Amino acid sequence: MDPLEFLKSKFKAEDIPKLVLLSDLSLGIIKALLRSGYYDPTHPSAQAAKSGLYEDFKRLVEGLENLGFIRKETGEKKDILVDGLLAEPVELSAIMPHSMAELFIPRFIDFYERRALLSYTIKKGIARDEFEAFLDLMSQPPVASERTGAEADRLNQELLAHRITNVSVIFAGDVVGADRHLPWRVELSLTRLSKDLKMIPLYRGMDQKFLARAKRQVFEDIIRPVRRPDFIKEILINSDLVAAAAKELKDVNIEAEIVNNIPDNLIVSTAKEFIISLDQIRKRVESDVVQEGAQWREGRMLAIIKLISLRLLRETVPGSDAVLKDFFSRGLVPFDDLPKPVQEKIIVERMVEDFLLGKLPLAERLRTAANGKDYLKSANAFGRILPEVIRQGAYAPVTEVILLLQQQKENAGSGFPERAEVARKIWEAIFTPVVMNTIQEKFEKGGKEVRQEVLKMIGPLGTGAIPLFLQLMKESKDRWVRKSAATAIIQMGDPALAPVLAEIKKKDLEWFVIRNLLGILGELGKMRDAGTVRRFLEFPHARVREEAMSALVRLVKEGSEPALIGAMTDREISVRRKAVALLAQNPSTNPETLARLLDIVRRRGKKEPEEDEGLQIQACMTLGHFTSPGFTGRIEEVLLGAISREKRWLLPGTEQEKSDKVKLAIIEALGKVGSQDCVPVLRDLEKKGEPEIREAAKDSREEVEERINQK
């Protein structure tokens, strides 16, 4: 059995190597603490117990902040939690082999209990001498005393005397906030913060730079590893416990230091936690369901929110604008204190709301503006709100203003004298990249109706919208969006041709982009553009070859026949089918073309490979368009030979029978090109075979007879 199987069932595969190293390190530390106590620290056995542990620790904490070993009791279960390695603490019993856990974890817990020890945290910056000195101190036997906390005091003094600053040790008597029923990780963080800050003044004789650095390091070591915003919130609200415990540090603002050490990627989510909690408290107040201490808690949150606001105003943190705007809406931050971009967002939001409610009639103001100043003010207001009103789907009022601007920039004879010139400048400035990106997003993510509204809105742009549609054709993963973009370009007519020709000549275009561009060329292109299209007849992707043939047929008609004949031997069956289908659009008078089509549907012997069924059906459909008198006789002969026993020359049993689907296609083709010669065969088919074949034979016979009678 795999010795790591018990880990694989509980943890992610990428975490297992770290957990194995943690298990080995923990076991080594336990053995060192237990064994070193029997010997002097310089004894070879004590030295051997510590050998390699420091190196293992440094490997394990690479990229981490610190590593904490915490005694935890849940009911009758006792265990050691290791914090700092993974997102959540791991139980030591869960990562050690069962036999080792049963033997050593109880002895480790006993080690904690005899010293009234709750946890110790080793910081990643610890040096080897300090690391081994800590193990030596902790391995010393406890000193018996009637006074509670005597052993803790002794160990604290020893840690101070040996200048061990990179290990944070918490004893039972150090716990703060036990009466507040906090989550244990919050309680432990507050206790560590309180204990470590209280220890700083005891380092007498240290220079001021060291002490300042030590204070800063305490907050970094304890706050930065906390990865849950709800825990950070509770640490901040209950940080008064730390202030009371560390009252000698009068120059330290505990709450401000905690706020400043919240990681950048958590400060916004922590701010949101405060907003949620504040709302909950205020709802309870409104409903008269007020818990004891709610007023105190609300006051604490308001004070801390101010500190968070100061940091968000001072620093550039992703997502902070939305939080500051939320703070302002609740009256927590004055408008004038907000950054200019946030102020602008608030102003624009109000303008958007008024515009959507009809309280900001910009179209009317543009129509009635008496001078350039009033006109420019209204036009600029429209430019400011344009991205947001599009984002909210207000297409009709936006389209109204855009159409109005288009008219006014082209009509110099009305309004105040310079209106057309001002309107032209506004027109050039209004469709910013932000606006075009918003339009692109709406076109791409909206349904068919939304795309139609967007097309109305940007219709006045004319060819100015082509870059947007080309971008959609390149980037959108939705085939229908790409098709809609291509259709929009086609609707622009001849002015769109030059940009499309320039685009299709670019290198490294995706196949689906080329396919859509060829489709556009087929609609808008001229005969002179056939050379551009022919370049793609040998393109590696079959769909491009198909579209190139379609475009060529539309551009040069009869001149496309050689390309279609060549494509009838293409390596891809879909291309061969397409070529045969396109021949129907301009029936050929070339005997070679007819011969190739007939060869596809002719009766084959048993040992001859049969053509693809779909290709045969398409060939029959195309042959139905070859109604030239010089061709119909030969077509009828081959079709009858493919379907009728009377027209076969080979011995029975030596020929292949056509499938029912191909038979139906042959019968339908005979209805288009057949003469009196095929009527008996069709009558015969009406009497036997599948109902669908009988019905098709009857319809085709009637069609042939009607044509003969008309002649």
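Described below are features of the structure shown in this document. Worth saying up front: this structure is predicted, and the values here are computed from it rather than measured. (Residues numbered from 1 in each chain as written. Predicted model: local features only at pLDDT ≥ 70, side-chain atom pairs only at ≥ 80, totals over all residues. Heavy atoms only, no water.)

## With respect to helix α20 (residues 395–410)
(1) Moving on: Helix length check: α20, at 16 residues, gives a terminal C-alpha distance of 23 Å against a target of 22 Å (1.5 Å per residue), a fit within 8%.
(2) Moving on: Listed in full, the buried residues belonging to α20 are Tyr395, Val398, Thr399, Val401, Ile402, Leu404, Leu405, Gln408 and Lys409.
(3) Moving on: Lining the buried residues of α20 we find α18 (362–368), α19 (372–391), α21 (419–430), α22 (433–445) and α23 (448–458). (Helix = DSSP H or I, 4+ residues; strand = E, 2+ residues; numbered from the N terminus. Expected span 1.5 Å × (residues − 1). Buried < 20%, exposed > 50% of the residue type's maximum accessible area, 1.4 Å probe, protein only. Contact = heavy atoms within 4.5 Å.)

## Here's the deal with the packing of α19 against α22
(1) Moving on: One way to put it is that α19 packs onto α22 with a least axis distance of 9 Å and a crossing angle of 10°. It follows that α19 is roughly parallel to α22 by the angle criterion. Here Leu386, Pro387, Ile390 and Arg391 of α19 come into contact with α22, specifically with Val434, Val435, Thr438, Ile439 and Lys442. (Axes fitted to C-alpha atoms, helices over the stretch in contact; angles between N-to-C directions. Parallel < 35°, antiparallel > 145°, perpendicular 65-115°, else oblique.)

## Some words on empty space enclosed by the protein
One water molecule sets the probe size; rolling that probe over the atoms shows where empty space is left.
(1) Moving on: Summed over the entire model, instances satisfying the criterion amount to one cavity of 30 Å³ or more.
(2) Moving on: Approximately 50 Å³ is the volume attributed to the largest cavity.
(3) Moving on: Forming the boundary of the largest cavity are Val553, Lys557, Glu558, Ser560, Glu561, Leu564, Leu582, Leu583 and Asn586.
(4) Moving on: Secondary structure elements with two or more residues in the lining of the largest cavity: α30 (561–567) and α31 (573–583).
(5) Moving on: Tallied by class, residues from the lining of the largest cavity come to four nonpolar, two polar and three charged. (1 Å grid on protein atoms, 1.4 Å probe; cavity = no way out; pocket = protein on both sides within 12 Å on 5 of 7 lines; lining within 4 Å. Points joined across faces, edges and corners; volume = space filled by probe spheres on them. Nonpolar A, V, L, I, M, F, W, Y, C, P; charged D, E, K, R; others polar.)

## Quick look at the pairing of strand β5 (residues 167–171)
It is a general feature of regular strands that their side chains alternate between the two faces of the sheet.
(1) Moving on: Across the five residues that make up β5, a large majority, five, are buried.
(2) Moving on: Along β5, one buried face is formed by Val167, Val169 and Phe171 and the opposite face, lined by Ser168 and Ile170, is buried too.
(3) Moving on: Where strand β4 (residues 117–123) meets β5, five bridges bridge the pair, whose relative direction is antiparallel. Within β5, the residue paired with isoleucine 122 across the bridge is valine 167. (Pairing = 2+ DSSP bridges.)

## Some points on the packing of aromatic side chains
(1) Moving on: Within the structure shown, the criterion is met by 15 aromatic pairs.
(2) Moving on: Relative to phenylalanine 134, the ring of tyrosine 120 has its centre 5.3 Å away and its plane inclined at 50°; by these criteria the two rings are tilted. Of this pair, tyrosine 120 sits in strand β4 while phenylalanine 134 sits in helix α7 (residues 128–138), and the two are 14 residues apart along the sequence. By the burial criterion, tyrosine 120 is buried, and phenylalanine 134 matches it.
(3) Moving on: Through successive ring pairs, a cluster of aromatic residues spans Phe69, Phe108, Phe111, Tyr112, Tyr120 and Phe134.
(4) Moving on: Sitting above the plane of the tryptophan 427 ring, lysine 409 keeps its charged end 5.1 Å from the centroid.
(5) Moving on: The ring of tryptophan 480 carries arginine 479 above its face, with NZ or CZ at 4.7 Å from the centroid. (Phe/Tyr/Trp six-rings, centres within 6.5 Å; stacked < 30°, edge-to-face > 60°. Lys NZ or Arg CZ within 6 Å of the ring centre and 35° of its normal.)

## Thoughts on helix α35 (residues 660–673)
(1) Moving on: The terminal C-alpha atoms of α35, which comprises 14 residues, lie 20 Å apart, in line with the 20 Å expected from a rise of 1.5 Å per residue.
(2) Moving on: Where burial is concerned, most of α35 is hidden: 10 out of the 14 residues are buried.
(3) Moving on: When α35 is considered as a whole, its buried residues turn out to be Val662, Lys663, Leu664, Ala665, Ile666, Ile667, Ala669, Leu670, Gly671 and Val673.
(4) Moving on: The inward-facing, buried residues of α35 contact α33 (613–623), α34 (629–643), α36 (679–686) and α37 (691–710).

## A closer look at the packing of helix α17 (residues 340–356) against α19
(1) Moving on: Running from N to C, α17 and α19 cross one another at 85°; their axes reach a closest spacing of 9 Å. Comparing their axes, α19 and α17 come out roughly perpendicular. Side by side, α17 and α19 meet where Glu344, Ile347, Val348, Met351, Val352, Phe355 and Leu356 of the first sit next to Ala381, Arg384, Ile385, Glu388 and Val389 of the second.

## Here's the deal with the layout of surface pockets
(1) Moving on: What the largest pocket holds in volume is close to 410 Å³.
(2) Moving on: Lining the largest pocket are 26 residues, with Asn66, Asp83, Arg185, Pro225 and Val226 positioned closest to its centre.
(3) Moving on: Of all the elements, helix α9 (residues 184–199) adds the most residues to the lining of the largest pocket, at six residues.

## Comments concerning the state of the cysteines
(1) Moving on: Under the criterion given, the structure shown has zero disulfides.
(2) Moving on: The cysteine cysteine 620 is free of any disulfide, with cysteine 678 supplying the nearest cysteine sulfur at 13 Å.
(3) Moving on: The exposure class of cysteine 620 is buried, given its relative accessible area of 1%.
(4) Moving on: The exposure class assigned to cysteine 678 is buried, which follows from its relative accessible area of 0%. (Disulfide = S-S within 2.5 Å.)

## Points about the pattern of salt bridges
(1) Moving on: Enumeration over the complete set of coordinates arrives at 55 salt bridges.
(2) Moving on: In this structure, aspartate 279 and arginine 330 form a salt bridge, with 2.4 Å as the shortest nitrogen-oxygen distance. Residue aspartate 279 is located in helix α14 (residues 264–286), and its partner arginine 330 is located in the loop between α16 (320–329) and α17; the two are separated by 51 residues in the primary sequence.
(3) Moving on: The class of arginine 330 is partly exposed, set by a relative accessible area of 28%.
(4) Moving on: As a salt-bridge pair, glutamate 453 and lysine 456 come within 3.6 Å of each other at their nearest N and O atoms. You can see glutamate 453 and its partner lysine 456 sitting in helix α23, three residues apart, about one turn around the helix.
(5) Moving on: Given a relative accessible area of 28%, glutamate 453 falls into the partly exposed group.
(6) Moving on: For lysine 456, a relative accessible area of 52% puts it in the exposed group.
(7) Moving on: Taken together, the shared-partner salt bridges connect Lys233, Glu234, Glu273 and Arg297 into one network. (Salt bridge = Lys/Arg side-chain N within 4 Å of Asp/Glu carboxyl O.)

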